[in-house]
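Chain residues, written in single-letter form:
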Amino acid sequence: MSAALDDAAALAAQLLARRWLPRSHPLVRRALIDTDIWTALSERLAAVGLRVIDNLYADHISVAMLRPAEVAVFGETGLAANNNLDLPRDGVALLVILWALIVLPKRQRQVARADAKGAGQEGQNEMFATDKPLPTAASVSPTLSYRSLLVDFGNQLGKKMRLDTNLKLLERNGFITRRGEDIAEGPLLDLLLDYDTLAPRILDGALADVLARTTDPLAAPALAQMRPSADAIPLSPEQDD
């Protein structure tokens, strides 16, 4: 067995065991610059109905089911559900709001800082790299005030008890992390939710008016700045082809 397949097998096993891995992980970094390892990893996962989830704007990679596997596992009824993590409806609503308040401002900062560095600098040394270096998610991802979230959206999300319960569910599933009274991006928040589907629906739809009520000191000005220039927000690399 070749070294490339050995690395791919080890990486596949770790992804299955841990659900996500940071891009800084030695095996992940190796796979991102070695097409043979990446191809072998994709083939091994595809053999069991899985695919790699990767996003230049996120600091982690993860795995998800291929569509035929989703049908086989969940059936048509399961695919018609709003999620397959058994999140209640108010939990899904909270997830979308947190995604909008965290990921949208983060993406704006990443692109702005990459532009500021100029095209003269070398990009990331990865096969998925763009022509401009992107700041890590951790360096630009905003944190949300729990108290502001409760005041701004508590009544719509079931008040404090339901909000606390659903925050624990989202944390357990890797969407968020808690830092005392603050809520931060988790490993899966910018991986499992489709930016190109959600961003225009939020910025150009009725949810934009709902989010405009946020008093969070970091999210509020960022969202206010983004709304007039929603068309300028870039597509993710996967969807830009």
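Within each chain, residues carry numbers counting from 1 in the order of the written sequence. Two thresholds apply to this predicted model, a pLDDT of at least 70 for residue-level local features and 80 or more for giving and counting side-chain atom pairs, whereas whole-chain, interface and lining totals are computed over all residues. Processing note: side-chain calculations cover all non-hydrogen atoms of the structure and skip hydrogens and water entirely.

Student: Looking at this structure, how should I read the packing of aromatic side chains?
Tutor: Ring pairs (aromatic) are described by centroid distance and by the angle formed between their planes. Two aromatic rings from Phe, Tyr or Trp, using only the six-membered ring of Trp, form a pair when their centres are within 6.5 Å; if the ring planes differ by under 30 degrees the pair is stacked, by over 60 it is edge-to-face, and anything between is tilted. For the coordinates displayed, the defined rule picks out one aromatic pair. When the centroid spacing of 5.8 Å and the interplanar angle of 55 degrees are considered together, the rings of tryptophan 99 and tyrosine 195 count as tilted. Taken together, the residues tryptophan 99 in helix α5 (residues 89–117) and tyrosine 195 in helix α9 (residues 195–204) connect sequence positions 96 residues apart. Relative accessibility decides the category of a residue: with a 1.4 Å probe and only protein chains considered, values under 20% of the type maximum give buried, values over 50% give exposed, and everything between is partly exposed. Of the residues examined, tryptophan 99 reaches a relative accessible area of 0% and is grouped as buried. Whether a charge sits over a ring comes down to the Lys NZ or Arg CZ being within 6 Å of the ring centre and within 35 degrees of the ring normal. In this structure, arginine 107 is placed above the aromatic ring of tyrosine 57, and the distance from its NZ or CZ to the ring centre is 4.0 Å. Positioned over the ring face of tyrosine 195 is arginine 107, at 4.0 Å from the centre of the ring. For helices the rule is a DSSP run of H or I covering at least 4 residues; for strands it is a run of E covering at least 2, with both sets numbered from the N terminus onward.

Student: Looking at this structure, I do not really get the packing of helix α7 (residues 146–153) against helix α8 (residues 159–172). What am I missing?
Tutor: In a pair of packed helices, the angle between the axes and the distance between the axes together describe the arrangement. The interhelical angle for the contact between α7 and α8, taken along N-to-C directions, is 130 degrees, at an axis separation of 10 Å. By the angle between their axes, α7 is oblique relative to α8. For the crossing formed where α7 meets α8, the hand is right-handed. Facing α7, whose interface residues are Tyr146, Leu149 and Leu150, α8 presents Lys159, Lys160, Leu163, Asp164 and Leu167. Interaxial angle, 0 to 180 degrees, is taken between N-to-C directions of lines fitted to C-alpha atoms, where a helix line uses only the stretch in contact. Roughly parallel means an angle under 35 degrees; roughly antiparallel, over 145; roughly perpendicular, 65 to 115; everything else is oblique. In this scheme, a crossing is called left-handed if the near helix is turned counterclockwise away from the far one by less than a right angle; it is called right-handed if the turn is clockwise. Residue contacts are counted whenever heavy atoms from the two residues lie within 4.5 Å of one another.

Student: Help me out: how do you make sense of the pairing of strand β2 (residues 50–53) in this one?
Tutor: Working note: regular strand, side chains alternate between the two faces of the sheet. Any two strands between which DSSP finds at least two bridges are classified as paired. Sheet topology note: the β2/strand β3 (residues 60–65) ladder contains four bridges and is antiparallel. Its bridge partner lying in β3, arginine 51 is registered against alanine 64. Connecting β2 to the next strand, β3, in antiparallel fashion are six residues.

Student: Any chance you could explain the confidence of the model for the protein chain here in plain terms?
Tutor: Taken as a whole, the protein chain shows an average pLDDT of 82; of its residues, 81% reach a score of 70 or greater. Considering only residues more than four positions removed or in separate chains, one finds that residues 229–241, a stretch of pLDDT under 50, has 19 contacts. Scored from 0 to 100, pLDDT reflects the predictor's confidence in each residue.

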